[in-house]
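Here is what each chain is made of, one letter per residue.
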Amino acid sequence: MYVKILKPLLDRLIALTVLLLASPFLAVTALLIYFKMGAPILFTQPRPGQNEKIFNIYKFRTMTDERDEHGELLSDEERLNGIGKTIRALSIDELPQLFNVLKGDMSIIGPRPLLVEYLPLYSGEQRRRHDVKPGITGWAQVNGRNAISWKEKFALDCYYVENLSFMLDLKILLMTLKKVLGREDISASDHVTMEKFNGTN
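Remember, predicted model here, so these are calculated numbers, not experimental data. (Residues numbered from 1 in each chain as written. Predicted model: local features only at pLDDT ≥ 70, side-chain atom pairs only at ≥ 80, totals over all residues. Heavy atoms only, no water.)

## Section: the overall build of the chain
1) Next: The secondary structure content of the chain amounts to six helices and four strands.
2) Next: Sequence-ordered secondary structure for the chain, helices as α and strands as β, is α-β-β-α-α-α-β-β-α-α.
3) Next: Here the C-alpha atoms of the chain give a radius of gyration of 17 Å, agreeing with the 17 Å that 2.2 N^0.38 yields for 201 residues.
4) Next: Along the three orthogonal principal directions, the C-alpha set of the chain runs to about 55 × 40 × 30 Å.
5) Next: In the chain, the proportion of contacts linking residues at least 24 apart, taken out of those at least 6 apart, comes to 68%.
6) Next: Split by element, the accessible area of the chain, about 10900 Å² in all, is 61% carbon and sulfur.
7) Next: Put simply, the chain has 26 plus and 24 minus side-chain charges, and the middle of one group is 6 Å from the middle of the other. (Helix = DSSP H or I, 4+ residues; strand = E, 2+ residues; numbered from the N terminus. Rg over C-alpha atoms; globule rule 2.2 N^0.38 Å. Contact = heavy atoms within 4.5 Å. Areas by Shrake-Rupley, 256 points an atom, 1.4 Å probe, with all protein chains shown as cover. Lys, Arg positive; Asp, Glu negative; His and termini not counted. Charge placed at Lys NZ, Arg CZ, Asp CG, Glu CD.)

## A few points about unusual backbone geometry
1) Next: Cis geometry is adopted by the peptide bond preceding Pro40, which originates at Ala39 and carries an omega value of 0°.
2) Next: One can find Pro40 in the loop between helix H1 (2-37) and strand E1 (42-48).
3) Next: The backbone of Glu52 sits at a positive phi, close to 65°, despite the residue not being glycine.
4) Next: Looking at Glu52, the relative accessible area reads 25%, which means it is partly exposed. (Buried < 20%, exposed > 50% of the residue type's maximum accessible area, 1.4 Å probe, protein only.)

## Observations concerning the nonpolar core
1) Next: If you look at the biggest cluster of nonpolar residues, it comprises 31 residues, and the most contacted ones within it are Trp139, Tyr160 and Ile172.
2) Next: Of all elements in the fold, only H1, strand E2 (54-60), helix H3 (82-89), helix H4 (97-103), strand E3 (107-109), helix H5 (150-163) and helix H6 (166-182) reach the threshold of two or more residues within this core.
3) Next: Per element, the largest residue contribution to this core is eight residues, and it comes from H1.
4) Next: Leaving out residues up to four positions away in the same chain, Trp139 has contacts with Leu156, Tyr159, Tyr160, Leu168, Lys171, Ile172 and Met175.
5) Next: Grouped together as the second largest cluster of nonpolar side chains are eight residues, Leu119, Tyr122, Phe154 and Phe197 included. (Core = buried A, V, L, I, M, F, W, Y, C linked by side-chain atoms within 4.5 Å.)

## Observations regarding the confidence of the model for the chain
1) Next: Mean pLDDT over the chain works out to 87, with 91% of the residues at or above the 70 mark.
2) Next: Ranking the elements of the chain by mean pLDDT puts helix H2 (residues 76-79) last, at 72, and E3 first, at 97.
3) Next: Taken as a whole, residues 186-191 scores under 50 in pLDDT and shows eleven contacts with residues more than four places along the chain or in a different chain. (pLDDT = per-residue confidence, 0-100.)

## Regarding the packing of aromatic side chains
1) Next: What the rule picks out here adds up to ten aromatic pairs.
2) Next: Between Trp139 and Tyr159 the ring centres are 5.8 Å apart and the planes differ by 25°, which places this aromatic pair in the stacked class. Taken together, the residues Trp139 in the loop between strand E4 (135-137) and H5 and Tyr159 in helix H5 connect sequence positions 20 residues apart.
3) Next: A residue is classified by how much of its surface remains accessible, and Trp139, at 11% relative accessible area, is buried.
4) Next: Residue classification places Tyr159 among the partly exposed positions, given a relative accessible area of 38%.
5) Next: Judged by centre distance (5.6 Å) and plane angle (55°), the ring pair of Trp150 and Phe197 falls under tilted. Taken as a pair, Trp150 in helix H5 and Phe197 in the segment after H6 lie far apart in primary sequence, 47 residues in all. The same class applies to Trp150 as to Phe197, namely buried.
6) Next: Three or more aromatic residues joined by ring pairs make a cluster, and in this case those are Tyr118, Tyr122, Trp150, Phe154 and Phe197. (Phe/Tyr/Trp six-rings, centres within 6.5 Å; stacked < 30°, edge-to-face > 60°.)

## So, the pattern of salt bridges
1) Next: In the structure shown here, the tally under the stated rule is ten salt bridges.
2) Next: As a salt-bridge pair, Arg112 and Glu94 come within 3.1 Å of each other at their nearest N and O atoms. In this pair, Arg112 sits in the loop between E3 and E4 while Glu94 sits in the loop between H3 and H4, placing the two residues 18 residues apart along the sequence.
3) Next: A salt bridge links Glu117 to Lys196, with the shortest nitrogen-to-oxygen separation between them at 3.4 Å. Here Lys196 lies in the segment after H6 and Glu117 lies in the loop between E3 and E4, a separation of 79 residues in the sequence.
4) Next: Of the residues examined, Lys196 reaches a relative accessible area of 52% and is grouped as exposed.
5) Next: One network of salt bridges, in which partners are shared, links Glu125, Arg128, Asp131 and Glu162. (Salt bridge = Lys/Arg side-chain N within 4 Å of Asp/Glu carboxyl O.)

See the structure below:
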């Protein structure tokens with residue numbers, strides 16, 4: 001009952017409430033991005049959701065489009081400016097995903113939706129992360145986020161799928177608030193973002 005009825009209702013209620021309360025803050029963030037980095041304000045990208053159905057995820061843009069003399073994009077480190085770092089540090093970039101929750105593509109709590117290119121690389125066990133809707137935050141995010149290995153992250157995702165319950169979701173939500181306020185585990189130790197999954201790491 002929780003997964004099929006109560007969880008989707010709570011997802012949409014929480015998403016709508018947060019969007020309404022945070023609308024002035026979201027508007028200010030959008031203006032800052034526009035004047036500091038230009039358009040587009042939102043970053044969109046296809047991601048696999050439940051049952052590997054592809055959807056477009058929404059995030060606030062955090063990187064510039066700066067390129068080198070050959071027209072190639074600069075590294076993530078070079079394109080992540082001050083405003084982008086602040087947006088990531090406070091996890092503000094994730095807030096537009098509340099619209100994904102309202103659309104039914106995502107849940108508040110669940111395994112993070114990763115890149116489509118990773119799909120052929122998963123083992124049978126790792127693919128189980130797609131048995132549920134992806135989330136804005138999840139068990140892996142509150143237990144290391146980008147600071148843990150892919151193997152550890154997928155193990156935590158599978159644990160969540162096997163033990164999904166209201167109490168686990170509530171625990172993750174409370175731990176997420178603590179993590180965000182403490183600005184913990186934003187990046188991997190030697191990367192601005194998590195290094196790409198190659199099927200073995």
